Amino acid sequence: MGNLVAIVGRPNVGKSTLFNRLTKTRQAIVNEQAGTTRDRQYGKSEWLGKEFSVVDTGGWVVNSEDIFEEEIRKQVVLAIDEADVVLFVVDVTNGVTDLDMQVASILRRAKTPVIVVANKTDNNDLQYNAAEFYSLGLGDPYCISALSGSGTGDLLDLIVSKF
Ligand code: GDP
Ligand code: MG
């Protein structure tokens, strides 16, 4: 399939919004409710003449917190296995959650390059909130707003530099 970028993270952090921006589509379902994109969604992208595929993860209809965590764990393990770069999306308006910590602990053991994407950084003040994501132990959090597109050009530069 060539270069593959996987987007992982807990529900409602903006994974599908980022997927849509990277692939310039409206394929992924973005919703106010957590967990609305079903299963996995693949799309294509191109930056600086480099083509790559993007996979959005994390849409499940679930009825228990245990299944929820198990599904996220599965998607993260799959992402490490198949992707060349993993985008671990977190939400600066929420801070570090237990689920973020669980995802991070799996990603820290992986050989696949991981970029921590601090999404919903819609203004400069929110940039200060991103500092707490250093505690995930996966390097510098990368501030973007998937909604407005701010920071996504620099993020793309970083992504294609990993191929
Ligand atoms: P997912 O569950 O991780 O795929 O999250 P979605 O992409 O479905 O987004 C969940 C909610 O967050 C939606 O209401 C989005 O519009 C919103 N959202 C996504 N990115 C941003 C952002 O950069 N800033 C703000 N303020 N909201 C965002
Ligand atoms: Mg989604």
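An unreviewed UniProt entry annotates the protein as GTPase Der originating from Phocaeicola coprocola.

Novice: Any chance you could explain the overall build of the protein here in plain terms?
Specialist: Helices and strands together make up the secondary structure of the protein, namely 5 helices and 6 strands. Listed N to C, the secondary structure of the protein is β-α-β-β-α-β-α-β-α-β-α in terms of helices and strands. Per-residue burial for the protein yields a buried fraction of 40% across its 163 residues. Put simply, of all contacts in the protein between residues at least 6 apart along the chain, 66% involve residues at least 24 apart.

Novice: How should I be thinking about the pairing of strand 1 (residues 4-8) in this particular structure?
Specialist: Within strand 1, 4 of the 5 residues are buried, which leaves it mostly tucked inside the rest of the structure. As paired strands, strand 1 and strand 4 (residues 85-91) are joined by 4 bridges and run parallel to one another. Across the sheet, the residue bridging to Val-8 is Phe-88, located in strand 4.

Novice: What's the story with unusual backbone geometry in this structure? I'm lost.
Specialist: With the exception of glycine, most residues fall at negative phi, and the peptide bonds are largely trans. Here the phi dihedral of Asn-12 falls at roughly 75 degrees; this positive angle occurs in a residue that is not glycine. By the secondary structure assignment, Asn-12 is in the loop between strand 1 and helix 1 (15-23). Phi is positive for Lys-120, which is not a glycine, with a value near 70 degrees. In this fold, Lys-120 is placed in the loop between strand 5 (114-119) and helix 4 (124-129).

Novice: Where do I start with the confidence of the model for the protein in this structure?
Specialist: The predicted coordinates should not be examined in detail at positions where pLDDT is low. Per-residue pLDDT for the protein averages 88, and the proportion of residues at 70 or more is 85%. In the predicted complex, the global pTM is 0.92; the interface-specific ipTM is 0.99.

Novice: It is not clear to me how the nonpolar core should be interpreted in this structure. Could you clarify?
Specialist: One broad trend across soluble globular proteins is that nonpolar side chains are buried collectively. With 39 residues, the main nonpolar core has Val-86, Phe-88, Val-116 and Val-117 as its most contacted residues. Here this core takes 6 residues from strand 4, the largest share from any one element. Here Phe-88 is in contact with Val-8, Gly-9, Val-103, Leu-107, Val-114, Ile-115, Val-116, Val-117 and Leu-138, once residues within four sequence places are set aside.

The rules behind these values
- Residue positions are given per chain, counting from 1 as you read along its sequence in written order.
- The lettering of chains begins at A and the numbering of ligands begins at 1, in the order of writing.
- Given that this is a predicted model, residues contribute local features only at a pLDDT of at least 70 and side-chain atom pairs are listed and counted only at 80 or more, while totals for whole chains, interfaces and linings are drawn from all residues.
- The secondary structure listing takes helices from DSSP runs of H or I that are at least 4 residues long and strands from runs of E that are at least 2 residues long, numbered from the N terminus.
- Comment: burial labels come from other C-beta atoms within 10 Å of the residue's own C-beta, placed from the backbone, where a count of 20 or more is buried, 12 or fewer is exposed, and between is partly exposed.
- Think of it this way: build a C-beta for each residue from its backbone, and any pair within 7 Å is a contact.
- Two strands are counted as paired when DSSP detects at least two bridges linking them.
- As a per-residue measure, pLDDT tells how confident the predictor is, with possible values from 0 to 100.
- Think of a nonpolar core as buried Ala, Val, Leu, Ile, Met, Phe, Trp, Tyr and Cys residues chained together by C-beta atoms that fall within 7 Å.

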